[in-house]
Amino acid sequence: MEAIKFVENDLSQINQYPEFKSGDTITVYYKIKEGNKERTQFFQGVVLQRRNSGANETFTIRKMSGGIGVERVFPFASPFIEKIEVNKHGNVRRARIFYLRERTGKSARIREKKMVKK
Amino acid sequence: MPGLIGKKLGMTSVYSAEGKNIPCTIIEAGPCVVTQVKKVDTDGYEAVQIAYGERKEKNTPKALQGHFKKSGTTPKRKVVEVDGLQDSKVGDQVTVDMFIEGEWVDVVGTSKGKGFQGVVKRHGFAGVGDATHGQHNRLRAPGSLGAGSTPSRVMKGMKMAGRMGGKRVKQVNLEVVKVYNDKNLIVLKGSIPGPKGSYVVIEK
């Protein structure tokens with residue numbers, strides 16, 4: 001286990017992103033290649049889950065695009081992610097909020113977490 | 001082929017310079033001890049016996065205890081014959097620095113045991129196509145075993161259900177992604193046979 005962590009730390013780039021968990025609304029800015037050109041696109045939505053750990057960790061974001069739900073999975077170690085912005089901290093009770101998939105409109109809302117200032 | 005004994009530690013993934021995700025297996029390889037050098041005039045063929053993996057003395061047969069004592073080392077768990085290391089002497093250490101990043105290696109291991117399995121899983125049979133149209137309880141059946149009165153027997157080697165896995169498997173042409181000489185680790189691209197913690201032989 002230690003050896004695997006050592007290899008992961010050595011061979012994967014460790015990106016520092018702000019902390020977020022399921023229920024949060026985030027914006028991911030990622031680079032896409034078109035031929036030789038590279039440009040940045042963003043994807044904003046609710047985090048459904050974070051899964052795996054270490055170099056294999058990924059997160060799933062869901063957004064509604066023209067009435068159709070769109071989900072994207074991003075690996076944390078991906079070199080294409082430019083930055084991540086946390087827009088809202090959601091107040092949810094579980095780590096994987098797949099129940100959101102069956103809901104639309106008012107029932108798909110997530111209460112915002114009131115952050116206590118220290 | 002020169003080889004080295006190692007222990008499968010697990011898998012991870014790494015991003016290449018182009019941003020591609022490479023699945024990688026991490027193996028703790030060596031250091032192995034040369035326990036015997038076989039020569040044509042004494043043994044009839046040329047080979048080098050290497051050993052790896054600590055073993056308690058009380059769990060080692062007396063005959064093997066003597067064998068390891070002769071080469072001046074502690075009892076080892078896995079003993080393998082390789083060739084291509086003819087200039088080494090008994091007691092020498094073989095380490096992972098024999099591998100270079102970017103070269104291709106083969107890995108021999110024992111695959112995970114799957115128990116008694118049917119023909120669909122074991123041999124990739126398609127099974128019977130339909131679940132409806134009067135079909136009943138023959139979905140994963142093997143079908144015919146052969147013709148009737150000629151030859152009036154089942155041919156040898158007919159693929160049938162049985163024990164699957166737990167066999168010696170060689171995975172060929174794996175790229176060496178990285179070698180850590182100080183930590184005795186080697187990182188290969190792709191998967192290798194066997195569960196985590198099992199002994200494997202890496203061949204050049």
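For clarity, every value in this text was computed on a predicted model and none was experimentally measured.

Peer 1: Can you walk me through the packing of aromatic side chains in this structure?
Peer 2: Geometry of an aromatic ring pair is reported as the spacing of the ring centres plus the angle between the planes. Inspection of the entire model under this criterion finds ten aromatic pairs over all chains. Relative to Y180 of chain B, the ring of F6 of chain A lies with its centre 5.0 Å away and its plane at 65°, an arrangement referred to as edge-to-face. One end of the pair, F6 of chain A, is in helix α1 (residues 2–11); the other, Y180 of chain B, is in strand β10 (residues 168–180), on a second chain. We classify Y180 of chain B as buried; its relative accessible area is 6%. Taking NZ or CZ as reference, R50 of chain A lies 5.1 Å from the ring centre of F20 of chain A, over its face. The aromatic ring of F43 of chain A is capped on one face by K63 of chain A, whose charged end is 4.6 Å from the ring centroid.

Peer 1: Looking at this structure, how should I read the sheet that holds strand β7 (residues 104–110) of chain B?
Peer 2: To summarise the sheet geometry, strands pair through backbone hydrogen bonds and adopt either a parallel or an antiparallel arrangement. Residues and elements named next belong to chain B. Here we have six strands rolled up into a closed barrel, ordered β1-β2-β11-β10-β7-β12, and antiparallel in their pairing. If you compare each strand with its neighbour and ignore which way they point, the axes differ by 50° on average. Summarising the sheet, strand β1 (residues 3–15) and strand β2 (residues 21–29) pair through nine bridges and their orientation is antiparallel. What sits directly across from K7, in β2, is E28.

Peer 1: Looking at this model, I keep getting lost on the side chain of S22 of chain A. Mind explaining?
Peer 2: Residue and element names in this part refer to chain A. In this structure, S22 sits in the loop between α1 and β1 (25–34). Of the residues examined, S22 reaches a relative accessible area of 5% and is grouped as buried. Within the local environment of S22, its side chain forms a polar contact with the backbone oxygen of R94, the two atoms lying 2.9 Å apart. In terms of polar contacts, S22 uses its side chain to reach the backbone carbonyl oxygen of A95, at 3.1 Å. Beyond its immediate sequence surroundings of up to four residues, S22 is in contact with V47, L48, Q49, V92, R94, A95, R96 and I97.

Peer 1: For this particular structure, what's the right way to read the pairing of strand β2 (residues 37–51) of chain A?
Peer 2: Moving residue by residue along a regular strand, the side chains alternate between the two faces of the sheet. Residues and elements named next belong to chain A. Where β1 meets β2, ten bridges bridge the pair, whose relative direction is antiparallel. Following the sheet pairing, K31 is matched in β2 by T40. Linking two consecutive strands that pair antiparallel, namely β1 and β2, is a turn of two residues; a positive phi of about 65° is found at G35 within it. In the sheet, β2 pairs with strand β3 (residues 58–65) via five bridges, with the strands oriented antiparallel. Residue pairing across strands places R51 opposite T58, the latter belonging to β3. Hairpin connection from β2 to β3: six residues lie between these consecutive antiparallel strands, with N52 at a positive phi of about 65°.

Peer 1: Help me understand the sheet that holds β3 of chain A, please; the structure alone is not making it clear to me.
Peer 2: All names here are of chain A. One open sheet accounts for five strands, arranged β4-β3-β2-β1-β5; its pairing is antiparallel. Every other strand in the sheet has two partners, leaving β4 (68–75) and β5 (81–88) as the edge strands with one partner each. When strand polarity is set aside, the average angle formed by the axes of neighbouring strands in this sheet is 40°. Where β1 lies against β5, six bridges are found, and the strand directions are antiparallel. Bridged to Y30 within β5 is I81.

Peer 1: Explain a nonpolar patch on the surface to me, please; I cannot follow it from the model alone.
Peer 2: Taken together, the side chains of L145, V154, M155, M158 and M160 of chain B define a hydrophobic patch exposed on the protein surface, amounting to about 370 Å² of accessible area. Among the secondary structure elements, M155 of chain B is positioned in the loop between α3 (119–123) and β9 (162–164).

Peer 1: I'm lost on the nonpolar core in this one. Help?
Peer 2: Nonpolar side chains in soluble globular proteins tend to be buried together. One finds L4, I50, V94, F99, I186, L188 and I202 of chain B to be the most contacted residues of the largest nonpolar core, which totals 29 residues. With residues up to four places along the chain from it excluded, the contact list for L4 of chain B reads A29, G30, C32, I50, V94, T95, V96, M98, F99, V200, V201 and I202 of chain B. Y30, F74, F76 and I81 of chain A belong to the second largest nonpolar core, which has 13 residues in total.

Peer 1: Would you mind showing me how to read the confidence of the model for chain B here?
Peer 2: Interpretation of this model should avoid reading the predicted coordinates in detail wherever pLDDT is low. All names here are of chain B. Model confidence for chain B is summarised by a mean pLDDT of 89, while 100% of its residues fall at 70 or above. When the elements of chain B are averaged for pLDDT, strand β6 (residues 93–94) gives the smallest value, 86, and strand β8 (residues 115–117) the largest, 95. Predicted complex metrics record ipTM = 0.75 and pTM = 0.81.

Peer 1: What's the story with α1 of chain A in this structure? I'm lost.
Peer 2: An α-helical turn contains 3.6 residues, so any two residues separated by three or four positions project in the same direction. Of the residues making up α1 of chain A, those classed as buried are A3, I4, V7, E8 and L11 of chain A. Along the axis of α1 of chain A, the buried positions cluster into a sector of 135°, meaning they face one direction only. Within α1 of chain A, the exposed residues directed more than 90 degrees away from the buried face are E2, K5 and N9 of chain A. Residues of α1 of chain A that are buried in the fold lie against β1, β2, β10 and β11 (185–189) of chain B.

Peer 1: Mind showing me how you'd approach the pairing of β3 of chain A here?
Peer 2: Residue and element names in this part refer to chain A. As defined by bridge partners, β3 adjoins β4 across eight bridges and the pair is classed as antiparallel. Paired with T60 across the strands is V73, a residue of β4. Between β3 and β4, which follow one another and run antiparallel, lie two residues, and G66 among them has a positive phi close to 60°.

What counts and how
- Residues numbered from 1 in each chain as written.
- Chains lettered and ligands numbered in written order.
- Predicted model: local features only at pLDDT ≥ 70, side-chain atom pairs only at ≥ 80, totals over all residues.
- Heavy atoms only, no water.
- Phe/Tyr/Trp six-rings, centres within 6.5 Å; stacked < 30°, edge-to-face > 60°.
- Helix = DSSP H or I, 4+ residues; strand = E, 2+ residues; numbered from the N terminus.
- Buried < 20%, exposed > 50% of the residue type's maximum accessible area, 1.4 Å probe, protein only.
- Lys NZ or Arg CZ within 6 Å of the ring centre and 35° of its normal.
- Pairing = 2+ DSSP bridges.
- Axes fitted to C-alpha atoms, helices over the stretch in contact; angles between N-to-C directions.
- Polar contact = N/O pair within 3.5 Å; in protein donor to acceptor, adjacent residues only side chain to side chain.
- Contact = heavy atoms within 4.5 Å.
- Patch = residues over 30% accessible without salt bridge, like charges linked within 9 Å, V, L, I, M, F, W, Y side chains within 5 Å.
- Areas by Shrake-Rupley, 256 points an atom, 1.4 Å probe, with all protein chains shown as cover.
- Salt bridge = Lys/Arg side-chain N within 4 Å of Asp/Glu carboxyl O.
- Core = buried A, V, L, I, M, F, W, Y, C linked by side-chain atoms within 4.5 Å.
- pLDDT = per-residue confidence, 0-100.
- Arc of directions from axis to C-beta.

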